[in-house]
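So the chains spell out like this:
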Amino acid sequence: MRATPGSGSSLLFDLVSRLGNLALTFAIGLGLAPLTAGQTAPGGGGTGGSASAVEALRRLKGMDFEANPALKAALMRVVDTTRGTPAFVELVRDFELKDQEEGLLDFAGQHPADPAAAEAIRMILEGGGLESLRAQVRSAAIPRQEAWVQAAANTADPRVIPLLLDAVKAEGRSTTSRAVAIRGLARTEAGARELLRYAAEPNGGLEEPGRTTASLALAQSRWPEVRSEAAKVLPAPKSADGGELPSVNELIRLRGDAVRGAAVFQSEQASCSKCHVAGRVGVDFGPALSQIGTKLGRQALYESILDPSSGISFGYEGWSVETRGGDEVFGILASETDEELAIKQQTGGVVRLKKSEVTRRERQQLSIMPAGLASVLSRQELVDLVEYLTTLKAP
Ligand code: HEC
């Protein structure tokens with residue numbers, strides 16, 4: 001468990017143990033010994049090195065660093081050693097350090113899934129940095145953009161709504177980033193309403209696969225009014241026996257028949273086995289599903305079937321490659337060297353292309369796994385299929 005904001009001494013203790021001797025050196029370097037002279041640290045004398053460093057830092061916390069440049073410079077030396085780690089974000093927060101946007105953004109860009117990344121974004125917002133953050137996100141390279149959008153989405157803070165809306169609406173954003181932003185918007189009531197407003201725009205604001213992502217996310221919303229509005233604006237995917245599928249929340253409570261599900265997996269309509277290996281059956285094209293029940297829970301299984309493009313598995317993105325001869329090859333990039341590209345096709349075969357022959361290559365924004373596979377299945381077949389997938393586990 002990470003220390004929560006304001007957990008005072010335990011956080012400091014945690015910090016000191018991480019900074020170790022450095023903090024102690026720092027305290028000594030600052031001449032804190034004279035400061036503490038004549039006052040015994042709580043808990044009496046004879047405390048160990050780390051306890052006195054805790055005491056030192058505790059004293060430091062109340063100090064006015066801005067009024068004391070030497071003190072601030074010394075603190076900053078310690079802070080600098082923590083750059084790129086969650087401790088940096090904690091120090092900036094606890095010591096209310098100013099002008100640290102760059103370091104905070106760097107951390108969020110490098111570790112977007114870390115809870116401290118969301119905290120870093122929140123601190124930037126508290127400093128009134130929304131507009132500059134938006135501008136930076138807009139002009140950043142795609143991987144950075146995606147990372148910042150993810151960190152912002154994880155804040156579940158309504159102040160990031162404009163930034164997440166940018167990510168949903170702007171041209172050229174990746175499908176994954178858009179999906180992350182959509183789920184982030186669905187986490188706050190105001191964000192969910194903005195998303196609904198955009199989806200309801202008469203000339204089709206939100207496009208597929210975003211509509212499916214939004215439909216799945218909003219159907220699970222905590223706010224009943226959001227759910228009922230979403231049911232109108234973004235109805236759930238249909239199933240083959242007519243009618244809408246229940247929300248994923250409801251689907252995960254249903255139980256099916258794994259044996260029938262195995263038959264669905266291999267069936268012509270579902271065609272799962274044309275792209276996936278499970279046990280001894282199937283084509284080795286998409287990720288093997290032989291242990292998917294260990295990797296994904298029911299909710300993630302439903303989401304990967306209903307909305308494949310919202311979280312494309314790393315290394316399984318689709319590529320389209322054109323050669324000098326005018327051929328187009330489509331598939332997964334299996335490997336790449338200086339001279340050669342190897343593209344794995346849906347047949348399971350691999351095509352090798354000399355790079356000197358390649359005139360264009362483009363990563364596809366949509367998953368190679370087709371959307372809408374659930375709509376060729378009845379609701380019971382879908383539930384059976386997922387039941388079967390949950391049984392595919394590591395031995
Ligand atoms: C045309 C090929 C194709 C078909 C048909 C297909 N898939 Fe996929 N599937 C993929 C590819 C490629 C990926 C990896 C890219 C992605 O995550 O979207 C994938 C990803 C998945 C994942 C996520 C795997 C992981 O490790 O996270 C699951 C689960 C899955 N498919 C299940 C199914 C099921 C069930 C069916 C049948 C209803 C099916 N797929 C049909 C190609 C296919």
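Residues numbered from 1 in each chain as written. Predicted model: local features only at pLDDT ≥ 70, side-chain atom pairs only at ≥ 80, totals over all residues.

1. Overview of the overall build of the protein
So, step 1. Per the secondary structure count, the protein includes 20 helices and 5 strands.
So, step 2. Considering the protein as a whole, with its 395 residues, one finds that 36% of them fall into the buried category. (Helix = DSSP H or I, 4+ residues; strand = E, 2+ residues; numbered from the N terminus. Buried ≥ 20, exposed ≤ 12 C-beta atoms within 10 Å, placed from the backbone.)

2. Thoughts on helix α6 (residues 86-94)
So, step 1. By the burial criterion, the buried members of α6 are Phe-88, Val-89, Glu-90, Leu-91, Val-92 and Arg-93.
So, step 2. Among the residues trailing α6, Glu-96 stands out with phi positive, at a value near 45°.

3. A closer look at the packing of α6 against helix α7 (residues 101-110)
So, step 1. Running from N to C, α6 and α7 point in directions that differ by 145°, and their axes come no closer than 10 Å. Handedness of the α6/α7 crossing: left-handed. Contacts between α6 and α7 involve Phe-88, Val-89 and Val-92 on the former and, on the latter, Gly-103, Leu-104 and Phe-107.
So, step 2. When its residues are assigned to classes, the contact of α6 with α7 shows 5 nonpolar, 1 polar and no charged. (Axes fitted to C-alpha atoms, helices over the stretch in contact; angles between N-to-C directions. Left-handed = near helix turned anticlockwise from the far one by under 90°. Contact = placed C-beta atoms within 7 Å. Nonpolar A, V, L, I, M, F, W, Y, C, P; charged D, E, K, R; others polar.)

4. Here's the deal with the site of the ligand
So, step 1. Inspection of the region around the ligand gives 25 residues, with Cys-272, Cys-275, Gly-286, Ser-367 and Met-369 positioned closest.
So, step 2. No other element matches helix α19 (residues 298-306), which puts 3 residues into the shell around the ligand.
So, step 3. Looking at side-chain class alone, the shell around the ligand contains 16 nonpolar, 7 polar and 2 charged residues. (Near = placed C-beta within 6 Å.)

5. Side note on helix α8 (residues 115-126)
So, step 1. Taking 1.5 Å per residue as the helical rise, α8 with its 12 residues ought to reach 16 Å, and the 17 Å between its terminal C-alpha atoms agrees with that figure.
So, step 2. Of the residues making up α8, those classed as buried are Ala-116, Ala-117, Ala-118, Glu-119, Ala-120, Ile-121, Arg-122 and Ile-124.
So, step 3. Against the buried residues of α8 lie α6, α7, α9 (130-139) and α10 (142-153).
So, step 4. Backbone geometry just downstream of α8 places Gly-128 in the positive-phi region, at approximately 75°. (Expected span 1.5 Å × (residues − 1).)

6. Some points on the pairing of strand β2 (residues 328-336)
So, step 1. Of the pairings in the sheet, the one linking strand β1 (residues 318-323) to β2 comprises 5 bridges and is antiparallel in character. Within β2, the residue paired with Trp-319 across the bridge is Gly-331.
So, step 2. Counted between consecutive antiparallel strands, the loop separating β1 from β2 contains 4 residues, among which Gly-326 sits at a positive phi close to 90°.
So, step 3. Taken together, the 4 bridges between β2 and strand β3 (residues 340-344) define a ladder with antiparallel strand orientation. (Pairing = 2+ DSSP bridges.)

7. Some details on the pairing of β3
So, step 1. On β3, burial follows the alternation: Leu-341 and Ile-343 on one face are buried, whereas Glu-340, Ala-342 and Lys-344 on the facing-out side are not.
So, step 2. As paired elements, β3 and strand β4 (residues 350-354) share 5 bridges and run antiparallel to each other. Bridge pairing in β4 places Leu-341 opposite Leu-353.
So, step 3. Linking two consecutive strands that pair antiparallel, namely β3 and β4, is a turn of 5 residues; a positive phi of about 95° is found at Gly-348 within it.

8. A look at the sheet that holds β4
So, step 1. A sheet is described by the order of its strands in space; here 5 strands give the open sequence β4-β3-β2-β1-β5, paired in antiparallel fashion. Each of the sheet's edge strands pairs with one partner strand only, and the pair in question is β4 and β5 (358-363). Between one strand and the next, the sheet's axes are offset by a mean angle of 45°, whatever the strand orientation.

9. A short note on the packing of helix α14 (residues 210-219) against helix α15 (residues 224-233)
So, step 1. Close contact between α14 and α15 brings their axes to 9 Å; oriented N to C, the two are set at 145°. Handedness of the α14/α15 crossing: left-handed. Mapping the contact onto sequence places Ser-215, Leu-218 and Ala-219 in α14 and Val-226, Arg-227 and Ala-230 in α15.
So, step 2. A per-class count over the contact of α14 with α15 returns 4 nonpolar, 1 polar and 1 charged.

10. Comments concerning the environment of Glu-102
So, step 1. Its place among the elements puts Glu-102 in helix α7.
So, step 2. Along the sequence, Glu-102 and Ile-124 sit 22 residues apart, while their C-alpha atoms lie 9.5 Å from each other.

11. Focus: unusual backbone geometry
So, step 1. Cis rather than trans, the peptide bond between Glu-208 and Pro-209 has omega equal to 5°.
So, step 2. Relative to the assigned elements, Pro-209 resides in the loop between α13 (189-199) and α14.
So, step 3. For Asp-99, which is not glycine, the phi dihedral falls at a positive 55°.
So, step 4. Tracing the backbone through its elements, the reader meets Asp-99 in the loop between α6 and α7.
So, step 5. For Asp-99, a count of 8 C-beta atoms within 10 Å gives the class exposed.
So, step 6. Of note, the phi angle at Ser-271 is positive, near 60°, even though the residue is not glycine.
So, step 7. Among the structural elements, Ser-271 can be located in the loop between α17 (258-266) and α18 (292-295).

12. Description of the confidence of the model for the protein
So, step 1. Residue-level pLDDT values for the protein average 85, and 84% of them are 70 or greater.
So, step 2. Confidence over residues 1-9 falls short of pLDDT 50; this stretch has 6 contacts with residues more than four positions distant or in other chains.
So, step 3. In the predicted structure, residues 31-51 sits below a pLDDT of 50 and forms 16 contacts with residues beyond four places in sequence or in another chain. (pLDDT = per-residue confidence, 0-100.)

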